[in-house]
There are 2 protein chains.
Amino acid sequence: MRFELTILGSGSALPTTNRNTTAQVLNVLERFFLIDCGEATQLQLRKYGFAINRINHILISHLHGDHFFGLFGLISSMALLGRTNVLHIYSPPGLEGILNTVLNPQFEKTPFPIQFHSLADDDPTVIFEDKVVTIHAFPLRHSVSVYGFFFQEKKRLQNIRSEKITQYKISIPEILAIKEGADLVRENETVPNSVLTIDPLPPRSYAFVTDTIITRKHTELIKNADLLYHEATFLHADKALARKTMHTTAKQAAEFARELMVGKLILGHFSSRYKSDALFLEEANNIFQNSIIGTDGLKITVPE
Amino acid sequence: MRFELTILGSGSALPTTNRNTTAQVLNVLERFFLIDCGEATQLQLRKYGFAINRINHILISHLHGDHFFGLFGLISSMALLGRTNVLHIYSPPGLEGILNTVLNPQFEKTPFPIQFHSLADDDPTVIFEDKVVTIHAFPLRHSVSVYGFFFQEKKRLQNIRSEKITQYKISIPEILAIKEGADLVRENETVPNSVLTIDPLPPRSYAFVTDTIITRKHTELIKNADLLYHEATFLHADKALARKTMHTTAKQAAEFARELMVGKLILGHFSSRYKSDALFLEEANNIFQNSIIGTDGLKITVPE
């Protein structure tokens, strides 16, 4: 039952030899969510072993090229590989027009349906939900409209104690109800659910925050997340530049992670002006010890 | 005085682990011409050591995505790196509108001028010319409008024999005229140019032909080229498929190279359906021995 993040691109606007522009895949129990899609994302997906047509949901934080220029090639390849399934794309408004202009001349007919979902709310909004996961989008603060994403595994069913099934001769319909949290009610006694079951493993969560200054408007949503990816485009020595370009420093990201009491902080979106990431790690670790440096190809698993 | 081709992408529409989509750089005496620009071309340019802002001319054969989807990221990076020089882009009509739709929202103001040159002629046309090189575009035959490109180094000046300068006391203005081919005219004698000079090295040439069935309409132009890059999307066993999709087989490309009497044939644009390129080489070499397989990163120098 995997909950695993793979970083495909950890650089900022200008890709470098080691860092592609932003893209990530989150695997939640074999559902594959693509988060941002910088140029060459399809190459990174192939390199790290993901089948592109297992992706049904693409979340684009904002419409700067280093976060979506990979969509053109990815969607073309999905079509060439015979995709027929609907593809859902979530982004601030404007992407549909751009994609149609670029892609429509490529195909005699649209090879598979694309469903666009516009992100425009000022408050956190559920943009996707199924049996196992809920995804919220929440607005950030940058030079253009940007959204963060919060992936929350749903609470799992209670685990019923097998010896109790024998002891109370519990029927199948009763088992289903007990797993949902019900007590066992018999003529002369009520056995509380807590006696019959073991609590499931706690749900896991991941918050993706990029291209923003620190904003505390929606921290309640992502507080205590197991994983937080936060951009750290600059070192704190360049905080004036960070402010001016509406980006975050490693120190600011680490202070935010400490305040949110997250399990682990992953830094990324490093400016190509820095030759090494060692100072980013040092700066963040001084404040929040569970900080790591995002690198292309890095996998981070949240254990059960 | 280099005349050197570097293959950046040797695959066809669907990139693979080893083959990016089409892109090449031709270095003609330190002028860098980019030919096609598939996704991730900027990454390949960096990988193989080209400074992206030394490129002033980009030639796009046609508007299928695997030949131009890398322009968005490349142009963005040129801007981020502070380019101010004009960039010339040559392509069949339609590219300007697509680029404007994608790029205009990315920049507060256009960071450098882009000059679009539309390819629409039925006959070979000079699209660029300077002191050292002439470039022709010529139409090919595919499902959309496609152009090939022919790069021809200009004839160099005659090399004057130094001993003749002494012997005839030749003046500087006379030297310049003799290098251009003039005879030396004195009162009582005329010394023919052939006595005074050595012929320069012959001019070098390169023909780029992709996404087409074999067309013999403009073979006079590219006959005897030192290098011919020709697509070979399919093996000849799949010639019906090649015909249907308006592509070429390795055998057809080699027959064409033999007929044109080119110096060397480079095959590329291989369909991702083939697991190995060994059969392509075998099929071509049976017909034209100077055939080689294009691979990403391959450099081919035409010696002086």
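Parameters at a glance
Residues numbered from 1 in each chain as written. Chains lettered and ligands numbered in written order. Predicted model: local features only at pLDDT ≥ 70, side-chain atom pairs only at ≥ 80, totals over all residues. Heavy atoms only, no water. Phe/Tyr/Trp six-rings, centres within 6.5 Å; stacked < 30°, edge-to-face > 60°. Helix = DSSP H or I, 4+ residues; strand = E, 2+ residues; numbered from the N terminus. Buried < 20%, exposed > 50% of the residue type's maximum accessible area, 1.4 Å probe, protein only. Pairing = 2+ DSSP bridges. Contact = heavy atoms within 4.5 Å. Buried area = accessible area lost by both parts, 1.4 Å probe. Polar contact = N/O pair within 3.5 Å; in protein donor to acceptor, adjacent residues only side chain to side chain. Salt bridge = Lys/Arg side-chain N within 4 Å of Asp/Glu carboxyl O. Least-squares fit on C-alpha atoms with pLDDT ≥ 70 in both. Axes fitted to C-alpha atoms, helices over the stretch in contact; angles between N-to-C directions. Domains from an automatic or database assignment.

Student: An account of the packing of aromatic side chains is needed here, citing residue identities and associated values.
Tutor: In this description, an aromatic ring pair is defined by two values, namely the gap between the centres and the angle between the planes. Residues and elements named next belong to chain B. This model, assessed by the stated rule, comprises 25 aromatic pairs over all chains. Measuring from centroid to centroid gives 5.5 Å for Phe33 and Phe128, while their planes differ by 65°, and the two rings are edge-to-face. Of this pair, Phe33 sits in strand E3 (residues 31-37) while Phe128 sits in strand E7 (residues 125-129); the two residues are 95 residues apart in sequence, bridging distant segments of the chain. The class of Phe33 is buried, set by a relative accessible area of 1%. The exposure class assigned to Phe128 is buried, which follows from its relative accessible area of 15%.

Student: Outline the pairing of strand E15 (residues 227-231) of chain A, listing residues and values.
Tutor: Residue and element names in this part refer to chain A. The buried fraction of E15 amounts to five of the five residues, a majority that puts the element mostly inside the structure. Neither face of E15 is exposed, since Leu227, Tyr229 and Glu231 on one face and Leu228 and His230 on the opposite face are all buried. Of the pairings in the sheet, the one linking E15 to strand E16 (residues 264-268) comprises five bridges and is parallel in character. The residue bridging Glu231 from the neighbouring strand is Gly268, located in E16.

Student: Requested: an account of the side chain of Thr248 of chain B, with residues and values cited.
Tutor: Structurally, Thr248 of chain B is set in the loop between helix H8 (239-244) and helix H9 (250-260). Setting aside residues no more than four positions away along its own chain, Thr248 of chain B makes contact with Thr212, Ile213, Ile214, His230, Glu231, Ala232, Thr233, Phe234, Ala242 and Ala253 of chain B.

Student: Tell me about the environment of Ser194 of chain A, residues and numbers included.
Tutor: Residues and elements named next belong to chain A. Tracing the chain through its elements places Ser194 in helix H6 (residues 193-196). Accessibility expressed as a relative area gives 59% for Ser194, which makes it exposed. A C-alpha to C-alpha distance of 9.6 Å links Ser194 and Ile160, two positions 34 residues apart in sequence.

Student: Kindly report on the interface of chain A and chain B, identifying the contributing residues and their values.
Tutor: Contacts between the two partners involve 29 residues from chain A and, on the opposite side, 29 residues from chain B. Together, the buried faces of chain A and chain B total about 2300 Å²; carbon and sulfur atoms form 66% of this surface. Across the contact surface, chain A and chain B share 10 residue pairs in polar contact (both at pLDDT 80 or more). Looking at the side of chain A that touches chain B, the elements that each hand over two or more residues are helix H1 (41-47), helix H2 (71-80) and helix H3 (95-103) of chain A. At five residues, H2 of chain A tops the list of elements feeding residues into the side of chain A that touches chain B.

Student: I'd like a description of the pattern of salt bridges, backed by residues and values.
Tutor: According to the stated counting rule, one finds 20 salt bridges over all chains in the structure shown. The salt bridge partner of Arg2 of chain A is Glu30 of chain A, with a shortest N-O separation of 3.5 Å. In this pair, Arg2 of chain A sits in the segment before strand E1 (3-9) while Glu30 of chain A sits in the loop between strand E2 (23-28) and strand E3 (31-37), placing the two residues 28 residues apart along the sequence. For Glu30 of chain A, a relative accessible area of 34% translates into the label partly exposed. Note that Lys251 of chain B and Glu255 of chain B form a salt bridge whose closest N and O atoms lie 3.3 Å from each other. Residue Lys251 of chain B and its partner Glu255 of chain B are both found in helix H9; the two are separated by four residues, about one turn of the helix. By relative accessible area, which is 25% here, Glu255 of chain B ends up partly exposed. Through salt bridges with shared partners, one network takes in Arg2, Glu4 and Glu30 of chain A.

Student: Explain the relation of the copies chain A and chain B to me, and be specific about the residues and the numbers.
Tutor: Relating one copy of the chain to the other takes a rotation about an axis and a shift parallel to that axis. Note on the identical chains: chain A maps onto chain B by a rotation of 180° and an axial translation of 0.0 Å, with an RMSD of 0.1 Å. Taken together, the turn and the small shift mark the pair as related by a two-fold rotation axis. Using C-alpha coordinates, one finds that chain A approaches the rotation axis most closely at Ala40 of chain A, a distance of 2.7 Å. Here 100% of the contact residues of chain A are again contact residues in chain B; the copies associate through an equivalent surface.

Student: Give a description of the sheet that holds E2 of chain A that names residues and reports values.
Tutor: Residue and element names in this part refer to chain A. Within the open sheet, the seven strands sit side by side as E6-E5-E4-E3-E2-E1-E18. Their pairing is mixed. Since the sheet does not close on itself, it has two edges, and those belong to strand E6 (114-118) and strand E18 (299-301), each with one partner. Strand-to-strand twist in this sheet, taken as the mean axis angle between neighbours without regard to direction, amounts to 20°. Relative to E6, strand E5 (residues 87-91) is paired through five bridges, and the arrangement is parallel. Directly across from Leu87, in E6, lies its bridge partner Ile114.

Student: Break down the domain arrangement of chain A for me, with residues and values.
Tutor: The domain architecture assigned to chain A consists of domain 1 (3-156 + 201-301) and domain 2 (159-198). A separation of 42 Å is found between the C-alpha centroids of domain 1 of chain A and domain 2 of chain A.

Student: Before we move on, can you summarise the sheet that holds strand E9 (residues 147-153) of chain A with the specific residues and values?
Tutor: Strand pairing in a sheet relies on backbone hydrogen bonds, with the paired strands running either antiparallel or parallel. All names here are of chain A. Spatial strand order, E7-E8-E9-E14-E15-E16-E17: seven strands in an open sheet with mixed pairing. Only two strands of the sheet have a single neighbouring strand rather than two, namely strand E7 (125-129) and strand E17 (291-293). Across the sheet, the axes of successive neighbouring strands diverge by a mean angle of 20°, strand direction being ignored. The sheet contact formed by E7 and strand E8 (residues 133-139) spans four bridges and is antiparallel. Bridge pairing in E8 links Glu129 to Thr134. On the sheet, helix H10 (residues 278-285) packs against E16 and E17 and is oriented at approximately 170° with respect to E17.

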